[in-house]
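Notes for the structure review
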Amino acid sequence: LAKTTQPISMDSYEGQEVNITCSHNNIATNDYITWYQQFPSQGPRFIIQGYKTKVTNEVASLFIPADRKSSTLSLPRVSLSDTAVYYCLVGDTMGYNFNKFYFGSGTKLNVKP
Amino acid sequence: DAMVIQNPRYQVTQFGKPVTLSCSQTLNHNVMYWYQQKSSQAPKLLFHYYDKDFNNEADTPDNFQSRRPNTSFCFLDIRSPGLGDAAMYLCATSRGRVQSSYEQYFGPGTRLTVT
């Protein structure tokens, strides 16, 4: 089971680009990398998912190097409303448990005015 | 439109008094999950259903049980809540392995208080 390691917290200012890096050294061949965002007293919300290279959607970009042992979530021009906890997850693809994965400690992003 | 609905949003129960939390989904997803999230901690997977097949995490206490009577509904039963069971309980769904998606859709959670 691939375990993830992220910084516990990060600070940023409005309008800046924020990059949050996640380490997953023992990622398996078939595992995808997924990022979630969670606001206080709410359920996590899917942000982005990728397997390799770069993925971009309307919210964020995900950069994955060739060895896939890490990934970086990039949030362009953050605003105060991006203050949240960001979780990096790696999928457990062991047969039946294809959709089961585990949340790591997450990164608490604090965006300041 | 709400896709994963959890009721109630806030639940207060007494020490040792059984409590049931409910989750429903309008997504017709195969898989439903229950997570426990304590204050300032990450969500912890308790168990999940793939259709009618139940999968318990090895470290989930026996005090926690689950039922899934049909595709849309899933229940979390805590047989004898202790003070340590006070937490946010999150329900989530996903399509299942056939569609190769890791995206889970979470409900808003039920905050359980044990007095």
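Described in the following lines is the structure provided in the data block. Keep in mind the model is a prediction, meaning the values are calculated, not measured. (Residues numbered from 1 in each chain as written. Chains lettered and ligands numbered in written order. Predicted model: local features only at pLDDT ≥ 70, side-chain atom pairs only at ≥ 80, totals over all residues. Heavy atoms only, no water.)

**A short note on the pairing of strand S1 (residues 4-7) of chain B**
All names here are of chain B. Covered by surrounding structure in S1 are Val4 and Gln6 only, the residues Ile5 and Asn7 on the alternate face being uncovered. Bridge analysis of S1 against strand S3 (residues 19-25) gives 4 bridges, and the strand direction is antiparallel. Its bridge partner lying in S3, Ile5 is registered against Ser24. (Buried < 20%, exposed > 50% of the residue type's maximum accessible area, 1.4 Å probe, protein only. Helix = DSSP H or I, 4+ residues; strand = E, 2+ residues; numbered from the N terminus. Pairing = 2+ DSSP bridges.)

**Observations regarding the environment of Leu27(B)**
Residue and element names in this part refer to chain B. Inspection of the secondary structure puts Leu27 in the loop between S3 and strand S4 (31-37). Here Leu27 falls in the partly exposed class, since its relative accessible area comes to 23%. In this structure the C-alpha to C-alpha distance between Leu27 and Ser94, which are 67 residues apart in sequence, comes to 8.6 Å. Other than its neighbours up to four places away in sequence, Leu27 contacts Met3, Val4, Thr93 and Tyr105. (Contact = heavy atoms within 4.5 Å.)

**Focus: the sheet that holds strand S2 (residues 18-23) of chain A**
Residue and element names in this part refer to chain A. On the basis of which strands lie adjacent, the open sheet formed by 4 strands has the order S2-S7-S6-S5 and antiparallel pairing. Both edges of this open sheet fall to S2 and strand S5 (53-56), since each of them pairs with a single strand only. On average, each strand axis in the sheet is inclined to that of its neighbour by 15°, with strand direction left out of account. (Axes fitted to C-alpha atoms, helices over the stretch in contact; angles between N-to-C directions.)

**Section: the sheet that holds strand S7 (residues 64-67) of chain B**
All names here are of chain B. The strand order S1-S3-S8-S7 describes an open sheet built from 4 strands, whose pairing is antiparallel. The open sheet has two edge strands with one neighbour each: S1 and S7. On average, each strand axis in the sheet is inclined to that of its neighbour by 20°, with strand direction left out of account.

**Overview of unusual backbone geometry**
The linkage connecting Asn7(B) with the following residue, Pro8(B), adopts the cis geometry, with an omega of -15°. Checked against the element boundaries, Pro8(B) lands in the loop between S1 and strand S2 (10-13). Its identity as a non-glycine residue notwithstanding, Arg68(A) has a phi of 60°, on the positive side. As for its position among the elements, Arg68(A) is in the loop between strand S6 (61-64) and strand S7 (70-75).

**Quick word on the nonpolar core**
Ranked by internal contacts, the top residues of the largest apolar core, which has 20 residues, are Ile33(A), Trp35(A), Ile47(A), Leu73(A), Leu75(A) and Tyr86(A). Looking at this core, the elements with two or more residues in it are S2, strand S3 (33-38), strand S4 (45-50), S6, S7, strand S8 (84-90) and strand S9 (107-112) of chain A. Per element, the largest residue contribution to this core is 4 residues, and it comes from S8(A). Core analysis: the second largest hydrophobic core is formed by 19 residues, Val19(B), Ala87(B), Cys91(B) and Val114(B) among them. (Core = buried A, V, L, I, M, F, W, Y, C linked by side-chain atoms within 4.5 Å.)

**Thoughts on the state of the cysteines**
Residue and element names in this part refer to chain B. Evaluated as defined, the whole model comprises 2 disulfides over all chains. The disulfide partner of Cys23 is Cys91, and the gap between their sulfur atoms is 1.9 Å. Taking the sign of the S-S torsion, about -75° here, the bridge from Cys23 to Cys91 comes out left-handed. With a gap of 68 residues between them, Cys23 in strand S3 and Cys91 in strand S9 (residues 87-94) connect regions that are remote in the sequence. Like Cys91, Cys23 is buried. The cysteine Cys74 is free of any disulfide, with Cys91 supplying the nearest cysteine sulfur at 6.0 Å. By relative accessible area, Cys74 is classed as buried at 0%. (Disulfide = S-S within 2.5 Å.)

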